[in-house]
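For reference, the chains in residue letters:
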Amino acid sequence: MDFYDLISKRESVRDYDPIRKIEDKVLNKILNAGRLAPSASNRQPWTFLLVSSKEKLEKVRTCYQKQWFHSAPYILIIIGDKSKSWVRLADGYNSIETDLTIAMDHIILAAEYENVGTCWIEAYDPKILSEAISLKENEVIFSITPLGYQNEGYKKHGKKERKPFEEIVRII
Ligand SMILES: Cc1cc2nc3c(=O)[nH]c(=O)nc-3n(C[C@H](O)[C@H](O)[C@H](O)COP(=O)(O)O)c2cc1C
């Protein structure tokens, strides 16, 4: 698929087939896209945690109370280690959130390419989530996404509600 078509057609998916698994080969391609993402000073301060067992899914799902989220057959959590990410000397800025965001975006676009649905989620309960996966010291999470195929019959809305180009681009 053409890259520009891909980014125009991608939509957040909020209706997952709970049964249909994603082939390992496809999952690996999607996760590998995250591995290839750039990060400050190439520190790659991340771990991609794919939750797929029934037992773990049950625990992790409690962090976000939307019914559609509970039917996704996989949940991907990108964990960062802020002791490993780059820190700017001038002011102590730590690049962890930026690094993890780029990795998630690579993964979401690769999933779209493979016809696998995603939905970036921030409105989860961080306390419940970190307890469900036993986060270690220095580990942080900034986003999670379900991964799975859309339910049959689910139709993309096909609208891109975005601000007009002229409103958001400034050329000086
Ligand atoms: C940082 C971020 C946080 C988001 N958090 C949520 C969320 O908690 N729940 C949800 O349903 N969608 C969430 N979304 C999805 C956005 O609502 C969605 O991307 C936006 O409305 C544009 O729609 P589209 O992804 O279909 O193009 C989030 C997206 C981003 C980028």
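Scroll up to find the structure.
Scope of this entry: the structure provided in the associated data block. (Residues numbered from 1 in each chain as written. Predicted model: local features only at pLDDT ≥ 70, side-chain atom pairs only at ≥ 80, totals over all residues. Heavy atoms only, no water.)

### Description of helix α5 (residues 96-113)
Then, in step 1: Between its first and last C-alpha, α5 extends 26 Å over 18 residues, near the 26 Å set by a 1.5 Å rise per residue.
Then, in step 2: Listed as buried for α5 are I96, D99, L100, A103, M104, I107, I108, L109, A110, A111 and E112.
Then, in step 3: Against the buried residues of α5 lie α1 (3-9), α2 (24-35), β1 (46-51), β2 (74-81), β3 (117-118) and β4 (139-148).
Then, in step 4: With its phi angle positive at about 70°, N115 sits one or two positions after the end of α5. (Helix = DSSP H or I, 4+ residues; strand = E, 2+ residues; numbered from the N terminus. Expected span 1.5 Å × (residues − 1). Buried < 20%, exposed > 50% of the residue type's maximum accessible area, 1.4 Å probe, protein only. Contact = heavy atoms within 4.5 Å.)

### Looking at the site of the ligand
Then, in step 1: With respect to spatial proximity, 13 residues lie near the ligand, and among them S12, R14, W120, K160 and R162 are the closest.
Then, in step 2: One of the backbone N or O atoms of A123 is found 3.0 Å from an oxygen atom in the ligand.
Then, in step 3: At 2.8 Å, a side-chain N or O of K160 approaches an oxygen atom of the ligand.
Then, in step 4: Its free accessible area being 620 Å², the ligand has 64% of it covered by the protein chains.
Then, in step 5: Classifying every residue of the shell around the ligand by side-chain character gives six nonpolar, one polar and six charged. (Near = heavy atom within 4 Å. Polar contact = N/O pair within 3.5 Å; in protein donor to acceptor, adjacent residues only side chain to side chain. Areas by Shrake-Rupley, 256 points an atom, 1.4 Å probe, with all protein chains shown as cover. Nonpolar A, V, L, I, M, F, W, Y, C, P; charged D, E, K, R; others polar.)

### Some points on the packing of aromatic side chains
Then, in step 1: According to the stated counting rule, one finds five aromatic pairs in the structure shown.
Then, in step 2: An angle of 85° between the planes, with centres 5.3 Å apart, marks the rings of Y64 and F69 as edge-to-face.
Then, in step 3: Here F69 falls in the buried class, since its relative accessible area comes to 0%.
Then, in step 4: Geometrically, the ring pair formed by W68 and F69 is edge-to-face, given 6.4 Å between the ring centres and 90° between the ring planes. In this structure, W68 and F69 share a single accessibility class: buried.
Then, in step 5: Grouping aromatic residues by their ring pairs yields a cluster made of Y64, W68 and F69.
Then, in step 6: In this structure, R20 packs its charged tip against the face of Y149, placed 3.7 Å from the ring centre. (Phe/Tyr/Trp six-rings, centres within 6.5 Å; stacked < 30°, edge-to-face > 60°. Lys NZ or Arg CZ within 6 Å of the ring centre and 35° of its normal.)

### Focus: the sheet that holds β2
Then, in step 1: Read from one edge to the other, the open sheet built from four strands follows the order β1-β2-β4-β3, with strand pairing classed as antiparallel. The open sheet is flanked by β1 and β3, the only strands paired with a single partner.
Then, in step 2: Both β3 and β4 contribute to a ladder of two bridges, which runs antiparallel. The partner of T118 across the bridge, within β4, is L147.
Then, in step 3: In this fold α2 packs onto β1, β2 and β4, with an angle of close to 155° to the strand it touches most, β1.
Then, in step 4: Contacting β1 and β2, helix α3 (residues 54-61) crosses the sheet at an angle of about 70° to β2. (Pairing = 2+ DSSP bridges. Axes fitted to C-alpha atoms, helices over the stretch in contact; angles between N-to-C directions.)

### Notes on the pairing of β4
Then, in step 1: The buried fraction of β4 is high, at nine of 10 residues.
Then, in step 2: Note: β2 against β4, seven bridges, orientation antiparallel. From the neighbouring strand, I75 faces β4, where its bridge partner is P146.

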